[in-house]
Amino acid sequence: MNHGLSELDLQNLRHLIGGCATNHCKMQAYAAQAQDPGIKQFFEKSAQSAMQTKQQLMSFLQ
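So, here is what we can say about the structure in this document. (Residues numbered from 1 in each chain as written. Predicted model: local features only at pLDDT ≥ 70, side-chain atom pairs only at ≥ 80, totals over all residues. Heavy atoms only, no water.)

Structural notes on the overall build of the protein chain
Scanning the protein chain from N- to C-terminus turns up 2 helices and 0 strands. Relative to the globule expectation of 11 Å for 62 residues, the C-alpha radius of gyration of the protein chain, 14 Å, shows a markedly less compact shape. Projected onto the principal axes, the alpha-carbon positions of the protein chain cover approximately 45 × 15 × 10 Å. Counting all 62 residues of the protein chain, 19% fall into the buried class. Considering only contacts in the protein chain between residues 6 or more positions apart, those separated by 24 or more positions represent 65%. Accessible surface computed for the protein chain: about 4600 Å², of which carbon and sulfur atoms make up 56%. Charge separation in the protein chain, taken as the distance between the mean sites of 5 positive and 4 negative side-chain charges, equals 5 Å. (Helix = DSSP H or I, 4+ residues; strand = E, 2+ residues; numbered from the N terminus. Rg over C-alpha atoms; globule rule 2.2 N^0.38 Å. Buried < 20%, exposed > 50% of the residue type's maximum accessible area, 1.4 Å probe, protein only. Contact = heavy atoms within 4.5 Å. Areas by Shrake-Rupley, 256 points an atom, 1.4 Å probe, with all protein chains shown as cover. Lys, Arg positive; Asp, Glu negative; His and termini not counted. Charge placed at Lys NZ, Arg CZ, Asp CG, Glu CD.)

Observations regarding the environment of alanine 29
As for its placement among the helices and strands, alanine 29 is situated in helix H1 (residues 7-33). Residues alanine 29 and glutamate 44 lie 15 residues apart in sequence; the distance between their C-alpha atoms is 9.3 Å.

Here you go:
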């Protein structure tokens, strides 16, 4: 059930979800390459945040 979202809303939501997925992958890659522990932690937290946002947005598609 999509909570009465319009086709445009669904397209925008899919675009946002895709962007979060991309950001998650990029942040994980940056974290894997980081030498500084503080920078590594920053990117790990950013990756986690992107995944949480993606999951929240996906809940609107249910």
